[in-house]
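Examining the three-dimensional arrangement
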Amino acid sequence: MPRSFLKLNPLMKEAGYRLLKRIRQHPKAPAWNFVPGDHVTIEDLKSVEEFRRQVFSQEPRRATAPPPSILSWVRSMVKRSWAFERRIPRGFDIEGDWAHIPTMSREDIATKIEEVVPADEDLDRLIVYDTSGTTGHALLVPHHPGTVAMNHALVEYVLDRYNALGSFSAPDVACINACAQVNTYVFTNVFSVWRDAGFVKLNLHPRDWKNPPFDARDFFTDFPPAFITADPITFAEMIRWNIPVRPSAMLSTAVELSPGLKKTVEEHFKCPVIDWYSTTETGPVAFASPDGAGMEFMSPDIYVEIVDREGYPLPDGELGEITITGGRNPYLPLLRYRTGDSARIRTIDIPGQESVSRLFDLTGREVVFYRATDGSLVNPVDIGRIMRLTCPFVQHQFIQRKDGSCLVLVRPAPNVPTDSEGIETALRSLFGSTADIEVRITPDLGDELPGGKTVTFKSELDLHPESRD
Amino acid sequence: MGGVTLQGPEITRLVHHMAECPDDFLASPRQGKSGIVYVDAVVSDIVCLLGGSPLGFPEGKPFRIRGANNRNYLRIVLVSCWLLYYKWFRQQQRFAKAAFEWLANGFNGLEKLISAELFVTDPDRREELARLCLSALDLRPMGETEHQAADRLKTLDSVERARVIERSKKRQERARRIREAMRREQAVQAAARYSRE
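To start, this report covers the structure provided alongside it. (Residues numbered from 1 in each chain as written. Chains lettered and ligands numbered in written order. Predicted model: local features only at pLDDT ≥ 70, side-chain atom pairs only at ≥ 80, totals over all residues. Heavy atoms only, no water.)

Side note on the packing of helix α2 (residues 39–49) of chain B against helix α3 (residues 71–84) of chain B
Residues and elements named next belong to chain B. At a closest axis distance of 10 Å, the pairing of α2 and α3 adopts a crossing angle of 25°. Judged by the inter-axis angle, α2 sits roughly parallel to α3. The chirality of how α2 crosses α3 is left-handed. Taken together, the residues of α3 that come into contact with α2 (itself represented by V39, V42, V43 and I46) are L74, V77, L78, C81 and L84. For the contact of α2 with α3, the residue count by class is nine nonpolar, no polar and no charged. (Axes fitted to C-alpha atoms, helices over the stretch in contact; angles between N-to-C directions. Helix = DSSP H or I, 4+ residues; strand = E, 2+ residues; numbered from the N terminus. Parallel < 35°, antiparallel > 145°, perpendicular 65-115°, else oblique. Left-handed = near helix turned anticlockwise from the far one by under 90°. Contact = heavy atoms within 4.5 Å. Nonpolar A, V, L, I, M, F, W, Y, C, P; charged D, E, K, R; others polar.)

Observations regarding the nonpolar core
Within the largest apolar cluster, 51 residues are counted, with the highest numbers of intra-cluster contacts made by V43(B), F63(B), V77(B), L84(B), F89(B), W102(B) and L103(B). Within the residue set of this core, elements represented by two or more residues are α1 (11–19), α2, α3, α4 (87–92), α5 (96–105), α6 (118–121) and α7 (123–136) of chain B. By residue number, the principal contributor to this core is α3(B), which donates 10 residues. Counting 45 residues, the second-largest nonpolar core is a separate cluster that includes I70(A), M77(A), V141(A) and I306(A). (Core = buried A, V, L, I, M, F, W, Y, C linked by side-chain atoms within 4.5 Å. Buried < 20%, exposed > 50% of the residue type's maximum accessible area, 1.4 Å probe, protein only.)

What about the packing of helix α10 (residues 232–240) of chain A against helix α11 (residues 259–269) of chain A?
Residues and elements named next belong to chain A. The geometry of α10 relative to α11 is characterised by a closest axis approach of 10 Å and an angle of 40° between their N-to-C directions. When the interaxial angle is binned, α10 and α11 end up oblique. The way α10 lies across α11 gives a crossing that is left-handed. Contacts from P232, F235, M238 and I239 in α10 reach L261, T264, V265, H268 and F269 in α11. Split into classes, the residues belonging to the contact of α10 with α11 amount to seven nonpolar, two polar and no charged.

Overview of the interface of chain A and chain B
Interface size is often expressed as the accessible area that is lost when the parts come together. Of the residues lining the interface, 49 residues belong to chain A; the matching set on chain B comes to 20 residues. Carbon and sulfur atoms supply 60% of the area that chain A and chain B bury against each other, a total of about 3,100 Å² over both sides. Three residues, W82(A), E114(A) and L123(A), lead the burial of chain A against chain B; their summed loss comes to 19% of the area buried on that side. The interface formed by chain A and chain B includes two salt bridges. Here R179(B) ties to E114(A) by a salt bridge, and the two come within 3.4 Å at their closest N and O atoms. Inspection of the chain A/chain B interface yields five residue pairs in polar contact (both at pLDDT 80 or more). Counted by class, the side of chain A that touches chain B contains 26 nonpolar, 16 polar and seven charged residues. (Buried area = accessible area lost by both parts, 1.4 Å probe. Salt bridge = Lys/Arg side-chain N within 4 Å of Asp/Glu carboxyl O. Polar contact = N/O pair within 3.5 Å; in protein donor to acceptor, adjacent residues only side chain to side chain.)

See below:
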């Protein structure tokens, strides 16, 4: 086993390495463009084991106030994180005056991350995720391999709730994470947490396969995953590509899963499609309950509340912003962190149980997608990334009309010229050289909206999974 | 310090008295065979003038310490003895014990930050030492409330300022390390995870 692989996957065994090689060298494999590892250590596995115990023994949420474990954690963070210290002065009654604790937001992570990261936390294990920016405002988020590993316990829990949990180990593939973008990382790895079971991240875009969609179909056939994670757009592409796969479950991530598409995908792949709410900053938060009544909370170490514009908690049933405290990322402790997503928490009666609190009406993750002139999908993530690489600007709005033409409104940064021609050229690399694209400089973009933040991506296209061939 | 304080002398007069400090109190303290002024003897005299008894040999030990690192401390003790010589203090005949304790223990690291002569030549440092002295004797300047006195002392407090500056430097260094680590790790790229979020 080459040392380079062990550096990335310190706990990888021979069976895992053989699986990894087999996947990487498969004749129908996609064009790999990245080689990550899980970076998991023995200590991380112990943390996973402990967290797994907590997750599987948790009681359904009923709390309308932060539980003692969260309050105690917040108190410990006041001594360690300047962001907490600033918000909770000496003598402040954390429990009694919880509603008055100033909230955190993406701006804290974007511009003051050094105040959030605990002052005494060792930086040696730090890794960084560049968030997808589905809503248009990407972010660099500090993370920890142990935290990523612990999140596996959450997907186990959810699969178990759907009676879809198998056991994971080499030489099987536990999960395929599928995407449908112009550009994304495409790679394979094995997860130490799951005894070196395989993992593949692949992209359903013609550019990534020698012979699409046939190679993709063969690849899925030879490496059938136990479960699949993808966004709804990608599920639609999987149907269009006629991917022959029968996972035990599919987790729908990133954007909203409409009931219609859920039904279509479930009928096609003959397995439950589970709406999954998670963010890079917070980790997994909630999943669609198998009983159909809202979304269940899954992480025992976070407290979720719904707040109004001023940050005050809203009563049961009212729609507001999802705000989260706690977490297991040692580099990103969260204190009333405003996610930018909206929902309500309602307490409902479950037959045979005490009443429980669940998440309903989750919004802020609207499905938006685009098509290039050759019919291939263009994801908002691709657009945001390529525009930011071209030139700086404050914000933008991208609209594709029903006829396929595109309009881009750009609010320039003060005293910084906007390279409209550069943006147009960059977008043509995604949409095709003959695409109808207009870039319009709009200095007052977003001014009329609350907080000055515009809706970044709009589309008049229909998501309709007809077959690709 | 802390607790209820009584009114002391006017701060302006005390500060003016400091400005008139004779050169003898800025002379080199006796340490071993070098220096001129026997600081323990000066302190003993002041203690007596404030209503106390002469210092015994063991009590004078803090004022006979050797080493270049302690020289500034002894010089500040001398300047403080001039401060305590102010007529108002001598008239009260009740500050001997508090004054001795302040001289023996009370500078809290100030001697590492400020050179003794600045407590004579610099207006803010004169005021700082005067206020530290009053605080040590459970007094506040005439005409000021406790809150006003504490506030003003905080503004002048060199030790607190140094602490704030040091803390700020440490935070900036930590912030730099975090940003650098994130830049470096962004280039290296993150660990595999089972879904995009």
